[in-house]
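Results of the structural survey
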Amino acid sequence: MSQTERQPALLEAQHLEKRYGDQLVLERLSFRVERGEFVTLVGASGCGKTTFLKLLLGTERISRGSLRLDGRPLPDEPGPDRGVVFQKYSVFPHLSVLGNVTMAEELARSPLLGKLYGAARRRARDNAVARLTEVGLAGALEKYPHELSGGMQQRLAIAQALMMKPRILLLDEPFGALDPGIRQDMHGLITRLWREQQLTIFMITHDVKEAFALGTRLWVFDKVRHDPQAPNAYGATITYDLPVGAQQRPPEALVERLDATGRFHPTSQETLT
Ligand SMILES: Nc1ncnc2c1ncn2[C@@H]1O[C@H](COP(=O)(O)OP(=O)(O)OP(=O)(O)O)[C@@H](O)[C@H]1O
């Protein structure tokens, strides 16, 4: 099939740039991501990974270039087709686990009132119980957020993100604050949900081993152009785009940039003169 006859990708960017004021954060991003891919993102702190997820979520707008969803410009606001989980999730402390997840649907379906009534409310509750069961929280429906462990809180955050049945799940270091054993459990959970719900996932992690174990594709964000006179003049771009999987090992160039805990460090800088 020729280039012009190709189906539109789920997500496609061309020459995408994002700047905040005079700071260029992301530059020269061009990619296609198909349905069902699991893209893991690593890169030095502050290089623009969260900004990139916000562009996909629709809470930030691109500055130049194009970003397309199903071949059309990505909407300027979050939609039910994209769910997000942050490292620390802000839940309503006065609502139970079930109340928090039901609220996610109430806010989405009735943004002004934040409430549903009658049959719609019962449907939202049933939907919330189903999502909470999927993430292993069926036994904790009436608990309050302060009664949950870190792993359970992230399960709750994932249930909320899945409430509107998104096609794309955006994960911003969702397991970064969890103990290693709990992380393993969460890896199993996210892999199962990805397969069962045919999600397309973008996940930021500081742990390259995690990126290799979970993803089907690894992106390294890095700033390769530097001007010492104008530190904000260049942004990060995708410097590695690798097929990954549990069977694959990271290339030596990446391994050299891991510390003893598997965290990722930036490259030595290439200076423009
Ligand atoms: N709303 C904003 N307004 C202005 N600058 C911003 C804004 N959000 C992010 N930035 C800047 O953009 C750059 C990239 O930030 P971002 O949070 O995307 O990096 P990151 O790679 O996710 O970092 P980390 O790994 O530490 O979470 C930083 O220099 C940050 O200060």
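A brief report on the enclosed structure follows. (Residues numbered from 1 in each chain as written. Predicted model: local features only at pLDDT ≥ 70, side-chain atom pairs only at ≥ 80, totals over all residues. Heavy atoms only, no water.)

Okay, the packing of helix H2 (residues 97-109) against helix H4 (residues 150-162) next. The N-to-C vectors of H2 and H4 enclose an angle of 25°; their axes lie 8 Å apart at closest approach. On the basis of the axis angle, H2 is roughly parallel to H4. Seen along the crossing, H2 lies across H4 with a hand that is right-handed. Contact residues: Val97, Asn100, Val101 and Ala104 in H2; Leu156, Ala159 and Gln160 in H4. Residues belonging to the contact of H2 with H4 are distributed by class as follows: five nonpolar, two polar and no charged. (Axes fitted to C-alpha atoms, helices over the stretch in contact; angles between N-to-C directions. Helix = DSSP H or I, 4+ residues; strand = E, 2+ residues; numbered from the N terminus. Parallel < 35°, antiparallel > 145°, perpendicular 65-115°, else oblique. Left-handed = near helix turned anticlockwise from the far one by under 90°. Contact = heavy atoms within 4.5 Å. Nonpolar A, V, L, I, M, F, W, Y, C, P; charged D, E, K, R; others polar.)

Attention now goes to the nonpolar core. Leu132, Ile158, Leu169, Phe175, Ile190 and Ile201 are the most contacted members of the largest nonpolar core, which has 32 residues in total. Within the residue set of this core, elements represented by two or more residues are H2, helix H3 (118-134), H4, strand S7 (168-172), helix H5 (180-196) and strand S8 (200-204). Counting residues per element, this core draws most heavily on H4, at six residues. Counting the residues that make up this core, at least three belong to each of domain 1 (1-81 + 172-273) and domain 2 (91-165). Core analysis: the second largest hydrophobic core is formed by 29 residues, Leu29, Leu53, Leu67 and Ile238 among them. (Core = buried A, V, L, I, M, F, W, Y, C linked by side-chain atoms within 4.5 Å. Buried < 20%, exposed > 50% of the residue type's maximum accessible area, 1.4 Å probe, protein only. Domains from an automatic or database assignment.)

Geometric values such as these leave the question of function open.
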